[in-house]
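The lines below spell out each chain.
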Amino acid sequence: MDLSDTPEEEEFRARLREWLAKTLPGLPAEPSPDDWPGRRAYDLGWQRRLHDAGYADVHWDASPAIRLIFLEETEKAGAPYVGANFVGLLHAGPTIAAEGTDGQRARWLPPILRGDEVWCQGFSEPDAGSDLAALRTRAWRDGDDYVVTGSKIWTSHAEVADWCELLVRTEPEAPRHRGITWLAMPMDAPGITVRPLRTLAGSAEFAEVFLDEVRVPAENRVGDENDGWRVTMVTLSFERGTAFAGEVVACRRVLGELAAEARGNGRWDDPALRRRLGRLNAEFRALWRLTQWNVSAAQASGGVPGVGGSVFKLRYSHARQQLYDAAAEVLGADCLDLDRPWTLDRLSSLSYTIAAGTSQIQHSIIAERILGLPKGR
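The notes below deal with the structure included here. (Residues numbered from 1 in each chain as written. Predicted model: local features only at pLDDT ≥ 70, side-chain atom pairs only at ≥ 80, totals over all residues. Heavy atoms only, no water.)

Overview of the overall build of the protein
Short version of the rule: Only DSSP runs of H or I with at least four residues qualify as helices, and only runs of E with at least two residues qualify as strands; both kinds are numbered from the N terminus onward. Residue burial is assigned from relative accessible area. The probe radius is 1.4 Å, only protein chains are included, and a residue is buried under 20% of its type maximum, exposed over 50%, and partly exposed in between. Where accessible areas are quoted, they stem from the Shrake-Rupley method and a 1.4 Å probe; at the residue level, only the protein chains shown are allowed to cover.
When helices and strands are counted, the protein shows 11 helices and eight strands. Within the span of the protein, comprising 377 residues, buried residues form 52% of the whole. Within the structure as shown, the protein displays about 17,400 Å² of accessible surface, and the carbon and sulfur contribution to it stands at 51%.

Focus on the side chain of Ser-156
With respect to the element layout, Ser-156 can be found in the loop between strand E3 (145–152) and strand E4 (163–169). Given the relative accessible area of 10%, Ser-156 is considered buried.

Concerning helix H1 (residues 7–23)
Selection rule: To estimate how far a helix should extend, the number of its residues minus one is multiplied by 1.5 Å. An arc is given here, and it is the one of the directions from the helix axis to the C-beta atoms. Two residues form a contact once any of their heavy atoms are found within 4.5 Å.
The terminal C-alpha atoms of H1, which comprises 17 residues, lie 24 Å apart, in line with the 24 Å expected from a rise of 1.5 Å per residue. Considered for burial, the residues of H1 that qualify are Glu-9, Phe-12, Arg-13, Leu-16, Trp-19, Leu-20 and Thr-23. Each buried residue of H1 sits inside an arc of 135° when the element is viewed along its axis, so together they form one side. Exposed positions of H1 whose direction lies more than 90 degrees from the buried face are Pro-7, Ala-21 and Lys-22. Buried-residue contacts for H1 involve helix H2 (36–52) and helix H3 (64–76).

Digging into H3
The end-to-end C-alpha distance of H3, which contains 13 residues, comes to 18 Å, matching closely the 18 Å that a straight helix rising 1.5 Å per residue would cover. Among the 13 residues of H3, 12 are classified as buried, and the element is accordingly described as predominantly covered. When we look at burial in H3, the residues that qualify are Pro-64, Ala-65, Ile-66, Arg-67, Leu-68, Ile-69, Phe-70, Leu-71, Glu-72, Glu-73, Thr-74 and Glu-75. At the C-terminal side of H3, Gly-78 shows a positive phi close to 75°.

Comments concerning a negative patch on the surface
Quick note on the threshold: Exposure above 30% relative accessible area and the absence of a salt bridge qualify a residue for a patch, where like charges join within 9 Å and nonpolar side chains (Val, Leu, Ile, Met, Phe, Trp, Tyr) within 5 Å. When a carboxyl oxygen of Asp or Glu is within 4 Å of a side-chain nitrogen of Lys or Arg, the pair counts as a salt bridge. For the charge count, each Lys or Arg is scored as positive and each Asp or Glu as negative, with His and the chain ends excluded. Charged groups are reduced to one reference atom each: NZ for lysine, CZ for arginine, CG for aspartic acid, CD for glutamic acid.
On the surface, Glu-171, Glu-173, Asp-224 and Glu-225 cluster together into a patch of negative charge. Within the fold, Asp-224 resides in the loop between strand E8 (221–222) and helix H6 (228–241).

So, the packing of H3 against helix H7 (residues 245–265)
How two helices pack is summed up by the angle between their axes together with the distance between the axes. Convention followed: Between the N-to-C directions of two axes lies an angle of 0 to 180 degrees, each axis being a line fitted to C-alpha atoms and, for a helix, fitted only over the stretch in contact. Note on convention: near helix rotated counterclockwise from far helix by under a right angle means a left-handed crossing. Clockwise means right-handed. Polarity classes work like this: nonpolar for Ala, Val, Leu, Ile, Met, Phe, Trp, Tyr, Cys and Pro, charged for Asp, Glu, Lys and Arg, and polar for all others, with Gly in that last group.
Running from N to C, H3 and H7 point in directions that differ by 35°, and their axes come no closer than 8 Å. Crossing geometry of H3 relative to H7 is assigned as right-handed. Contact residues: H3 offers Leu-68, Leu-71, Glu-72, Glu-75 and Lys-76, while H7 offers Ala-245, Gly-246, Val-249, Ala-250 and Arg-253. Partitioned by chemical class, the residues of the contact of H3 with H7 number five nonpolar, one polar and four charged.

Here it is as structure tokens:
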């Protein structure tokens, strides 16, 4: 498989680099990490700049290879991360583009691309753990609406979101994977209560969401009723297959910075540390090639990443933790100083073997869907 850029891709890369070099110096200062209304405004402002420059549609209307180049170049240039836009741009939006009706695509995709609306993800529940199919939030049909009651947890950016990609159980007696429906829920609907959750790193980008007979128009259903598990697999394929691509580039940059820090503070003299950093360099180079392979495979199969995303996600989440463990070794006692670079990243890295499907779940997917091993009893 040829992983080199085509002439069209080379032209896109050069044009994007030039635009980033002109645009980034004029950006306003980033708000405090705890200022989520300010963060929302900043992230939406960046998305509007991308839209006005003609780059917003790379998430859906361009080839997967062009999308990967976009993620690579914006990360290398130090451009703002998608931030509060990440669910809409990287999860819900691609799902609606792949599974939604023409009317749904016309309603929801342009506001995401313009930087007008923020989405959050209402998948996880307090009593379901890593078993997403065990969700118990109920929805029943009442005329033209679904009436939803239940709760969600780890709902990213819920306190500043306009919409929620929501999984509900619409047929309680059906087998677990067959009674689920994917809804787009307006976050200003009556009956929604949002309670922010503070993480180990001190941030509050997650929230609990309580739903008390919330009415969601039936026209907001993506896919058929009780077919939500299949639609969810499309969402998760994007989440695991391409959403972390820019972060691999960021980790490679951090690795270079760690090597420079080690040379400056004398820890580079430790051969064990040098071997550790060298192995991580090889690890992230391999992960980038795997990302390119996954994107090329997705392009050949219609644009939706396949189960190879689970291989990537499993290895990347562990490699990221190992990277920031190495950062702690480079910093020494300073790794306890929350004001030092990489300290908060180390704390947040602990969540990566849980987020977007635990490592145990990824092992099962790889065993069953790639290796063809029998399901456990």
